[in-house]
Amino acid sequence: MTSAVFDLPAYLDERLAPVKAALERALAVAEPHLPADVAAAARHGVTGGGKRLRPILCVAAYEACGGSGGDAAYDLAASLELIHAYSLMHDDLPCMDDAALRRGRPTTHRVHGEDVTMRAGAALIPVAALQARRAALSLGCDPAQAAAIAARLMTAAGAGGMVGGQWLDLEGEGQRLDEERLDTLHRLKTGALLVASLSMGGMAAGAPADRLDALERYGRAIGLAFQVADDILDATQDAGVLGKNPSDAELDKSTYVSLHGIEEARRRADALVDEAVASLASAAIEAPALRALAGYVVARRN
Ligand code: GRG
């Protein structure tokens, strides 16, 4: 099947239910260990919408490398979404972006309070790491590979990845960042977890090094494309479409749009999608879903 006939809306729709079910299983494991208020905040942050792009990418990469693992593949994929959910809960806090709306709903701290949201977000990090390891074992990975997969997730989430990117973002507010710093910021803040989504799927399927490398290159290209698209959406759409309030201008953030203007930003996003697709071809990864998902990253409306 070629990307021209690949039905991405149907594919995304079909993947949402198993992702949601895996997130429910993850919450069911965590909840007995959490105080009720923290559990409720964690549930608010993890459920209730979102494109679920990271888990969908993870399962797509797993399948592209020959994996077929049913629920356990989605459990692995959900570990990425748990990290993503915690990062959004913390990002929305008053000490960071101070956001009132997320995915068309009040942010977690607006419903459950700041301190409970902080604790719930922190609690999700080890839940995610343990879940990644457990799921990898269920998929038949040996203990060393399962540990490596969990470590891949934590590395992407850490100071050399998402957390480090958030630091750069916070430091950069009100400053004019040049292209190189902006790329570094987003490669870490947004890109690292997207790249890990692909890598973890490939690792769980036992993909050889050249395929893992191609998946990582694909991930880096779509990670940047995703952020360029995010900047365009923030500059052009309102809260009704985005499900959150546009905030780049208000927070005086440097963006690809402020640096290059909308047309050039769009051109860059499209070029990155082409680069991502070429990476797959370089390792003969036949994956209509991944090709279509690269396009989706820039064509999405929220
Ligand atoms: C304490 C410095 C410090 C960091 C804590 C808050 C935090 C960790 C990290 C923030 C990371 C962050 C907010 C990255 C942005 C990622 C991003 C582009 C989010 C939007 O992703 P989508 O569009 O959202 O996939 P949905 O709602 O579809 O899931």
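Below or above, wherever it landed, is the structure these notes cover.

What counts and how
Residues numbered from 1 in each chain as written. Predicted model: local features only at pLDDT ≥ 70, side-chain atom pairs only at ≥ 80, totals over all residues. Heavy atoms only, no water. Helix = DSSP H or I, 4+ residues; strand = E, 2+ residues; numbered from the N terminus. Rg over C-alpha atoms; globule rule 2.2 N^0.38 Å. Buried < 20%, exposed > 50% of the residue type's maximum accessible area, 1.4 Å probe, protein only. Contact = heavy atoms within 4.5 Å. Lys, Arg positive; Asp, Glu negative; His and termini not counted. Charge placed at Lys NZ, Arg CZ, Asp CG, Glu CD. Near = heavy atom within 4 Å. Polar contact = N/O pair within 3.5 Å; in protein donor to acceptor, adjacent residues only side chain to side chain. Areas by Shrake-Rupley, 256 points an atom, 1.4 Å probe, with all protein chains shown as cover. Nonpolar A, V, L, I, M, F, W, Y, C, P; charged D, E, K, R; others polar. Salt bridge = Lys/Arg side-chain N within 4 Å of Asp/Glu carboxyl O. Phe/Tyr/Trp six-rings, centres within 6.5 Å; stacked < 30°, edge-to-face > 60°. Lys NZ or Arg CZ within 6 Å of the ring centre and 35° of its normal. Core = buried A, V, L, I, M, F, W, Y, C linked by side-chain atoms within 4.5 Å.

With that out of the way, let us pick up the overall build of the protein chain. When you go through the protein chain residue by residue, the secondary structure sums to 14 helices and 2 strands. For 302 residues, the compact-globule estimate of 2.2 N^0.38 gives 19 Å, and the C-alpha radius of gyration of the protein chain, at 18 Å, lies within 12% of that figure. Principal-axis analysis of the C-alpha atoms gives the protein chain an extent of 50 × 45 × 35 Å. Looking at the 302 residues of the protein chain, the share that counts as buried comes to 53%. A separation of at least 24 residues holds for 75% of the contacts in the protein chain among residues at least 6 apart in sequence. Here the protein chain carries 30 positive and 40 negative side-chain charges, and the mean point of each set is 3 Å from the other.

Of all residues adjacent to the ligand, which total 20 residues, the nearest are Lys51, Arg54, His84, Arg103 and Trp167. With respect to the ligand, the side chain of Arg103 contributes an N or O atom lying 2.8 Å from an oxygen atom. Relative to its unbound accessible area of 760 Å², the ligand is 89% covered by the protein chains. Listed by contribution, the elements that provide at least two residues to the shell around the ligand are α4 (70-91), α8 (162-172), α9 (179-204) and α10 (209-236). Ranked by residues supplied to the shell around the ligand, first place goes to α4 with 6 residues. Here the shell around the ligand is composed, by residue class, of 7 nonpolar, 6 polar and 7 charged.

On inspection of all chains with the given rule, the structure shows 23 salt bridges. Between Arg25 and Asp75 there is a salt bridge, with the nearest N and O atoms lying 2.9 Å from each other. A residue pair is termed long-range when its members are at least 10 positions apart, and Arg25 in helix α1 (residues 8-30) and Asp75 in helix α4 qualify at 50 residues. Residue Arg25 is classed as partly exposed on the basis of its relative accessible area of 30%. The salt bridge involving Glu286 is made with Arg291; its shortest N-O contact spans 3.9 Å. Ionic contacts of the salt-bridge type, sharing partners, join the residues Asp97, Asp169, Lys189 and Lys253 into one network.

Applying the stated criterion across every chain, the model contains 1 aromatic pair. The ring of Phe226 has Arg300 sitting right over it, with the charged end atom 3.8 Å from the ring centre.

Along the chain, the position of Thr47 falls in the loop between α2 (36-46) and α3 (53-64). Within the structure, Thr47 has its side chain in polar contact with the backbone oxygen of Arg43 (distance 2.6 Å). Excluding anything up to four places from it in sequence, Thr47 contacts Glu24, Leu27, Arg52, Arg103 and Arg105.

Take the nonpolar core next. Across soluble globular proteins, nonpolar side chains show a tendency to be buried alongside one another. By size, the foremost hydrophobic cluster in this structure holds 96 residues, and its most contacted members are Tyr11, Leu57, Leu76, Tyr218, Leu290 and Leu293. In terms of residue count, α4 provides more of this core than any other element does, 12 residues in total. The contact partners of Leu290, leaving out residues within four places of it in the chain, are Leu57, Ala60, Ala61, Ala64, Leu198, Leu215, Tyr218 and Leu280.

This brings us to the environment of Leu8. By secondary structure assignment, the location of Leu8 is in helix α1. A sequence separation of 76 residues divides Leu8 from His84, and the C-alpha atoms of the two residues are 22 Å apart. In this view, Leu8 contacts Ala292, Leu293 and Tyr296; residues no more than four positions away in its chain are not counted.

Here we take up the side chain of Thr255. Mapped onto the elements of the fold, Thr255 is located in the loop between α11 (239-242) and α12 (256-260). Taking relative accessible area as the criterion, Thr255 reaches 7% and is therefore assigned buried. A polar contact is formed between the side chain of Thr255 and the backbone nitrogen of Val257, at a distance of 3.2 Å. In this structure, Thr255 is in contact with Leu182, Asp231 and Asp248, ignoring residues within four places of it in sequence.

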